Amino acid sequence: MKTIKVLVPSGALGLNYDQDALDLGLKKKPHIIVIDGGSTDSGPAYLGLGVSKYSRASTKLEWSGLMKARAKLDIPLVIGTAGTCGTDKMVEWLKEITLEIAEELGQKVKIAILKSSQSNQKILKMFNKNRIYPLENAPSLSQDKILKCTNIVALAGAEQIISAIKTGADIIIAGRATDAGSIAAYPLMHGINPGIAWHGGKIAECGALCATNPQSGVILIKFDAKGFTIEPMSNKSIATPETVYAHMLYENSDPFILYEPGGHLDVTESKYSAVTKKSVRVTGSKWVKSETYNVKLE
């Protein structure tokens, strides 16, 4: 099995990235560029209002840089959770920005759109059929609360991102999606073991946050049959076994188990070892498929 290389420019579009590090990453010949658009990390307001945390100007500037990077190697560019909240409206917002940039750069691009918004009535119907279950410590849900929601999104998993990539699109703009799933999709599509793909996706989800200089943003993750290797591209950042395995606790209450659509990642037996002074290799990750395919609603 060949090595699959995924370049992650930063933790979210709008946070900025180190251009020199991005250029170094492109020289490594990645197969795909993947970035997250945001999440509910900053609270429910952006989802409730259906707006982006980051300005249109900063989003356009950074997205333009990534569209140029994609074009250099003629590889797919994927963004999950477009516009921070991932509503259909924000997917269209980013599509408009993408078309605007393409015209300015003289690029002809094929764009695939993946939408995640759910209707209140559909969710209410599922609730009444007892097909919606609360997460731990979640507040109680009622018919009235569902009908009062201004926006409801379902988090896409790797399968949905894979379907979008398989269209042959140059750019994939996805609504709300799991951070790890957007990165795991391409490796999974090319036969990488699910445990390896999902664990790599989790560690790389926030760019260089798994390294000593989070602000540098850009990391390259290489997947193969036995594990994955992660390396920050900035000359001012290094990854260590400690910075890598610590990321399993980021936005996750259990340092060994991560629940995703279709199953969960188990890193209980994972091994983290320094390969060079700035890169780390991880092996032993496992994926446990669930009996039912569940997705998270926000």
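Computed from a prediction, not measured in an experiment: that's the story for all the values here.

Criteria and thresholds
Residues numbered from 1 in each chain as written. Predicted model: local features only at pLDDT ≥ 70, side-chain atom pairs only at ≥ 80, totals over all residues. Heavy atoms only, no water. Helix = DSSP H or I, 4+ residues; strand = E, 2+ residues; numbered from the N terminus. Rg over C-alpha atoms; globule rule 2.2 N^0.38 Å. Buried < 20%, exposed > 50% of the residue type's maximum accessible area, 1.4 Å probe, protein only. Contact = heavy atoms within 4.5 Å. Areas by Shrake-Rupley, 256 points an atom, 1.4 Å probe, with all protein chains shown as cover. Pairing = 2+ DSSP bridges. Axes fitted to C-alpha atoms, helices over the stretch in contact; angles between N-to-C directions. Polar contact = N/O pair within 3.5 Å; in protein donor to acceptor, adjacent residues only side chain to side chain. Left-handed = near helix turned anticlockwise from the far one by under 90°. Nonpolar A, V, L, I, M, F, W, Y, C, P; charged D, E, K, R; others polar. Core = buried A, V, L, I, M, F, W, Y, C linked by side-chain atoms within 4.5 Å. Expected span 1.5 Å × (residues − 1). Salt bridge = Lys/Arg side-chain N within 4 Å of Asp/Glu carboxyl O.

A. How the structure looks around the overall build of the protein chain. Secondary structure assignment for the protein chain yields 10 helices and 12 strands. For the protein chain, the C-alpha radius of gyration of 18 Å lies close to 19 Å, the compact-globule estimate for 298 residues. Oriented by its inertia axes, the alpha-carbon framework of the protein chain measures out at about 55 × 50 × 30 Å. Here the protein chain holds 298 residues, and the buried ones make up 53% of them. Looking at the protein chain alone, contacts between residues at least 24 apart form 73% of all its contacts between residues at least 6 apart. Summed over all atoms, the accessible surface of the protein chain reaches about 13,800 Å², with 53% contributed by carbon and sulfur.

B. Fine view of the sheet that holds strand β5 (residues 171–174). With mixed pairing, 9 strands are arranged side by side in an open sheet as β4-β5-β3-β2-β1-β6-β7-β11-β10. Across the chains shown, the open sheet's two edge strands, defined by having one partner strand only, are β4 (111–114) and β10 (271–274). The average angle at which neighbouring strand axes cross in this sheet is 20°, direction not considered. The pairing of strand β1 (residues 4–8) with strand β2 (residues 32–36) spans 2 bridges and is classified as parallel. Across the sheet, the residue bridging to L7 is I33, located in β2. Most of the contacts of helix α4 (residues 88–105) go to β5, to which it runs at about 155°, and overall it touches β3 (77–80), β4 and β5.

C. Local environment of the sheet that holds strand β9 (residues 263–266). Within the open sheet, the 3 strands sit side by side as β8-β9-β12. Their pairing is antiparallel. Each edge of the sheet is formed by a strand with only one pairing partner; in this case those strands are β8 (257–260) and β12 (286–289). Ignoring which end each strand starts from, the neighbouring axes of this sheet average 25° apart. Across 4 bridges, the pairing between β9 and β12 is antiparallel. Across the sheet, L265 pairs through a bridge with W287, a residue of β12. On the sheet, helix α9 (residues 194–204) packs against β8, β9 and β12 and is oriented at approximately 110° with respect to β12.

D. Spatial organisation of α9. Most of α9 is tucked away, with 10 of its 11 residues classed as buried. Taken as a whole, α9 has its buried residues at G195, I196, A197, W198, H199, G200, G201, K202, I203 and A204. Where α9 starts, the residue carrying a side-chain oxygen 2.8 Å from the main-chain nitrogen of G195 turns out to be N193.

E. Focus on the packing of helix α8 (residues 179–189) against α9. Two numbers describe how α8 lies on α9: the axes approach to 7 Å, and their chain directions differ by 140°. Seen along the crossing, α8 lies across α9 with a hand that is right-handed. The segment α8 lies against α9, with A180, G181, I183, A184, P187 and L188 engaging P194, A197, W198, G201, K202 and A204. Looking at the contact of α8 with α9, its residues break down into 9 nonpolar, 2 polar and 1 charged.

F. Just the nonpolar core, in detail. V6, I161, I165, F223 and I230 are the most contacted members of the largest nonpolar core, which totals 45 residues. What I230 contacts, discounting residues up to four positions off in sequence, is I203, A204, C210, I219, L220, I221, A239, V244, K278, S279 and V280. One finds L22, I35, W93 and L94 within the second-largest nonpolar core, a separate group that totals 32 residues.

G. Quick peek at α4. With 18 residues, α4 extends 26 Å between its outermost C-alpha atoms, agreeing within 8% with the 26 Å of an ideal straight helix rising 1.5 Å per residue. Among the residues of α4, those classed as buried are M90, V91, W93, L94, I97, T98, I101 and A102. At its buried positions, α4 is contacted by α3 (56–73), β3, β4 and β5. G106 sits one or two residues past α4 and shows a positive phi near 70°.

H. How the structure looks around the side chain of T84. One can find T84 in the loop between β3 and α4. Of the polar contacts made by the side chain of T84, one reaches the side chain of S52; its length is 3.5 Å.

I. Looking closely at unusual backbone geometry. Its identity as a non-glycine residue notwithstanding, N16 has a phi of 80°, on the positive side. Within the element layout of this structure, N16 appears in the loop between β1 and α1 (19–27). When its relative accessible area of 47% is taken as the criterion, N16 is described as partly exposed.

J. Structural detail: the pattern of salt bridges. Taken as a whole and assessed by the stated rule, the structure comprises 15 salt bridges. Residue D179 pairs with R176 through a salt bridge whose shortest N-O separation is 4.0 Å. The class of R176 is buried, set by a relative accessible area of 5%. Where salt bridges share partners, they join R56, K60, E96, E100 and E104 into one cluster.

K. Region of the structure containing the environment of E104. Turning to its location among the elements, E104 is positioned in helix α4. E104 gets classed as exposed once you look at its relative accessible area, which sits at 53%. Separated by 26 residues in sequence, E104 and V78 place their C-alpha atoms 20 Å apart.

No statement about biological role is implied by the geometric values presented.
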